[in-house]
Amino acid sequence: ALAVEDGVPQLVRLLRGAPDGSPLQRDLLSTFVNLATNPEIQVIICSEKDGVGVFVRLVQTSEGPVLELVARVLASLAELPACQMAMLEEDGLLSIVRLLTSVDQSVVESCMVALNHTATTPETRDFVCEVGAVPPLVALLGSSNEMMQQCAVNVVARLCVKNPPGRRKVIQADAVIPL
């Protein structure tokens, strides 16, 4: 019902104007964390003018709890191919790759989920490899956190599927010891 009543675009507009770090911004992002898991809502967010861009800008400029929330939203939006393309065009994937070295494990985990969702085509796999995702992913393979390791394994495996350049990058980063 929210989508039918133009509620999602209104929420996107509200988020655009919310002061950085404000309770309103955090509440809106919490709402989007829940909404963005719905495929119909993902389509609405993605089709909204600058709908993905507002989240990309927030992931580039935020920190702390706001960053954690926006990373979770982007991880959900990354499931939709149209959102993946918007993230690529807005430098969102580059921003996500940069966050792989964050000290906040929940941010890193959300970023790996987003990368796993987006690295589904040869073009996106190549892009993710070219912008430097492999070294931090390989470092995360050695994490003491089992969930982080599993997420890193999933992304590294995805980057290697039918992707000789990706496999070479993984081998060059010492993730695989050649026999």
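Since the structure is predicted, the reported quantities are computational estimates derived from the model, not experimental observations.

J.: Just checking my understanding: could you explain the overall build of the protein for this structure?
T.: Assigned secondary structure in the protein consists of twelve helices and zero strands. Seen in sequence order, the protein has helices and strands lined up from the N terminus as α-α-α-α-α-α-α-α-α-α-α-α. If one aligns the C-alpha atoms of the protein with their principal axes, the spans along those axes are about 60 × 30 × 25 Å. Counting only residues that meet the buried cut, the protein has 47% of its 179 residues in that class. Total accessible area on the protein stands at roughly 8900 Å², and carbon and sulfur atoms take up 56% of it. Of the charged side chains in the protein, 13 are positive and 20 negative, and the gap between their average positions amounts to 6 Å.

J.: Honestly, the pattern of salt bridges in this entry has me stumped. Any pointers?
T.: Pairing between side chains becomes possible if they bear opposite charge and their charged atoms approach one another. The tally for this structure, following the rule as stated, stands at three salt bridges. Across the pair aspartate 50 and arginine 57 runs a salt bridge, and its minimum N-O distance is 2.3 Å. On the accessibility criterion, aspartate 50 (26% relative accessible area) is partly exposed. By relative accessible area, arginine 57 is classed as partly exposed at 36%. Each of the salt bridges in this network shares a partner with another, and the network as a whole consists of Arg16, Asp50 and Arg57.

J.: Please clarify how the environment of valine 113 should be interpreted in this entry.
T.: As for its placement among the helices and strands, valine 113 is situated in helix α8 (residues 105-118). On the basis of relative accessible area, valine 113 is assigned to the partly exposed category, the value being 30%.

J.: How should I be thinking about the nonpolar core in this particular structure?
T.: As a rule of thumb, nonpolar side chains are buried together in soluble globular proteins. Formed by 61 residues in total, the largest nonpolar core has its most connected members in Phe32, Phe55, Leu100 and Met112. Residue contributions to this core peak at nine residues, all from helix α5 (residues 64-77). Setting aside anything within four residues of it in sequence, one finds methionine 112 in contact with Leu100, Leu137, Leu140, Met148, Cys151, Ala152 and Val155.

J.: Even after reading the chapter, I still don't get the state of the cysteines, so can you show me in this structure?
T.: Each disulfide consists of a covalent bond between the sulfur atoms of two cysteine residues. Under the defined criterion, the tally for this structure stands at zero disulfides. Not engaged in a disulfide, the cysteine cysteine 129 finds its nearest cysteine sulfur in cysteine 160; these two sulfurs lie 7.2 Å apart.

J.: What is the right way to read unusual backbone geometry from this model?
T.: In terms of backbone geometry, most residues other than glycine have negative phi values and most peptide bonds are trans. Unlike most non-glycine residues, aspartate 50 shows phi in positive territory, near 65°. Within the secondary structure layout, aspartate 50 lies in the loop between α3 (39-47) and α4 (51-61). Phi at aspartate 91 is positive, roughly 65°, even though this residue is not glycine. Judged by its relative accessible area of 40%, aspartate 91 falls in the partly exposed class.

J.: Which parts of the structure should I look at to understand the packing of aromatic side chains?
T.: Aromatic ring pairs are described here by two measures, namely the spacing of the ring centres and the angle between the planes. All told, the structure shown has one aromatic pair when counted by the stated rule. For the ring pair phenylalanine 32 and phenylalanine 55, a centre distance of 5.1 Å and an interplane angle of 80° mean the geometry is edge-to-face. Linking phenylalanine 32 in helix α2 (residues 23-35) with phenylalanine 55 in helix α4, this pair joins segments that are 23 residues apart in sequence. When its relative accessible area of 0% is taken as the criterion, phenylalanine 55 is described as buried.

What counts as what
- Residues numbered from 1 in each chain as written.
- Predicted model: local features only at pLDDT ≥ 70, side-chain atom pairs only at ≥ 80, totals over all residues.
- Heavy atoms only, no water.
- Helix = DSSP H or I, 4+ residues; strand = E, 2+ residues; numbered from the N terminus.
- Buried < 20%, exposed > 50% of the residue type's maximum accessible area, 1.4 Å probe, protein only.
- Areas by Shrake-Rupley, 256 points an atom, 1.4 Å probe, with all protein chains shown as cover.
- Lys, Arg positive; Asp, Glu negative; His and termini not counted.
- Charge placed at Lys NZ, Arg CZ, Asp CG, Glu CD.
- Salt bridge = Lys/Arg side-chain N within 4 Å of Asp/Glu carboxyl O.
- Core = buried A, V, L, I, M, F, W, Y, C linked by side-chain atoms within 4.5 Å.
- Contact = heavy atoms within 4.5 Å.
- Disulfide = S-S within 2.5 Å.
- Phe/Tyr/Trp six-rings, centres within 6.5 Å; stacked < 30°, edge-to-face > 60°.

By themselves, these observations are geometric and do not establish any function.
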